[in-house]
Amino acid sequence: MSPKLTDDHLDELRGNGFVIIERYIPDEQCAQMAAALRRILKPWDEVKDDPPEERTSYELFPYSEQILNQSIVDWEAIRFSQRWLGTDHVHYRPGGSIVRYPGFKSRVSEGHIDNGNNSLLPPSTSDRSYGQINFWFYLEDVDEDQGPTQFITTAHGQDMTRAVNMIGPAGTRAVFHNYTWYGAKD
């Protein structure tokens, strides 16, 4: 069995600034994680009569559901990160899970990069050893009409009209670095 994150993925990350991999998370694990997340972040049908004011909710690591905590240990992702960053000394920084409900309005009107808000170091494309690499995933199918995350290939700079939608079946994963422009489709 070949590794899930291959040299081709590394080349695509290098060339585009991101990689989208369908069905990265196995179906059974994905279903268990989605069920756990629905217990933490309520689905729309459970909050539609009294939605949160901002029309969004989030939960930060560590989670009250152990399947979510256990799922972040991904040796493929760690090895891939080490290869991308050029060092064995990587630090995992846990994130969180977000749900956005109908009527959500983003405070970010344009795309953005994470280096500006997640790093105190000056930008460097030649030395990735202090860079960052992100691993995001969908636990349910996401189509064009569901406001998917959008990524802009390195060649297209900050042009959101050239964005690529992160769509795909449950278990789809995106890998991107801290100089990749991304946003959300309205």
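Since the structure is predicted, the reported quantities are computational estimates derived from the model, not experimental observations. (Residues numbered from 1 in each chain as written. Predicted model: local features only at pLDDT ≥ 70, side-chain atom pairs only at ≥ 80, totals over all residues. Heavy atoms only, no water.)

Student: Tell me about helix α1 (residues 7-16), and please be specific about residues and values.
Tutor: Turning to α1, its buried residues number three or more, namely His9, Leu10 and Leu13. For α1, the angular spread of the buried residues around the axis is 100°, confining them to a single face. Looking at the buried residues of α1, the elements they touch are β1 (18-21), α5 (75-85), β4 (133-137) and β7 (173-177). A distance of 3.2 Å separates the backbone nitrogen of Asp8 from a side-chain oxygen at the start of α1, and that oxygen is part of Thr6. Taken from the residues just after α1, Gly17 is the one with a positive phi, measuring 95°. (Buried < 20%, exposed > 50% of the residue type's maximum accessible area, 1.4 Å probe, protein only. Helix = DSSP H or I, 4+ residues; strand = E, 2+ residues; numbered from the N terminus. Arc of directions from axis to C-beta. Contact = heavy atoms within 4.5 Å. Polar contact = N/O pair within 3.5 Å; in protein donor to acceptor, adjacent residues only side chain to side chain.)

Student: Any details on the environment of Leu41? Residues and values, ideally.
Tutor: The residue Leu41 is located in the loop between α2 (27-40) and α3 (44-47) in this model. Sequence separation between Leu41 and Glu59 is 18 residues; the distance between their C-alpha atoms is 7.4 Å. In contact with Leu41, other than residues within four places in its own chain, are Ser57, Tyr58, Glu59, Ser97, Ile98, Val99 and Tyr101.

Student: Explain the pattern of salt bridges residue by residue, including any values.
Tutor: Across all of its chains, the model carries seven salt bridges by this definition. The residue Arg14 makes a salt bridge to Asp11 at a minimum N-O spacing of 2.8 Å. Note that Arg14 and Asp11 are positioned in helix α1 at a spacing of three residues, about one turn of the helix. Overall, Arg14 belongs to the partly exposed group, its relative accessible area being 44%. Residue class for Asp11 comes out partly exposed when judged on its relative accessible area of 44%. (Salt bridge = Lys/Arg side-chain N within 4 Å of Asp/Glu carboxyl O.)

Student: An account of unusual backbone geometry is requested, with residue identities and associated values reported.
Tutor: Omega for the bond connecting Phe61 with Pro62 falls within 30 degrees of zero, at 0°, which places this linkage in the cis form. Mapped onto the secondary structure, Pro62 falls in the loop between β2 (56-60) and α4 (66-71). Although it is not a glycine, Arg23 adopts a positive phi angle of roughly 55°. With respect to the secondary-structure elements, Arg23 resides in the loop between β1 and α2. Backbone geometry places Arg55, a non-glycine residue, at a positive phi of 60°. Within the element layout of this structure, Arg55 appears in the loop between α3 and β2.

Student: So what's going on with the nonpolar core? Which residues, and what values?
Tutor: Leu13, Ile25, Leu68, Phe80, Trp84, Ile133 and Leu139 are the most contacted members of the largest nonpolar core, which totals 26 residues. Looking at this core, the elements with two or more residues in it are α1, β1, α2 and α5. The greatest single-element share of this core, amounting to six residues, is contributed by α2. Ile25 has contacts with Cys30, Met33, Phe137, Leu139 and Gly171, leaving out every residue within four places of it along the chain. Judged by nonpolar contacts, the second largest core, of eight residues, contains Phe18, Tyr138, Val142 and Tyr182. (Core = buried A, V, L, I, M, F, W, Y, C linked by side-chain atoms within 4.5 Å.)

From the geometry alone we can't say anything about function, so treat these as descriptive.
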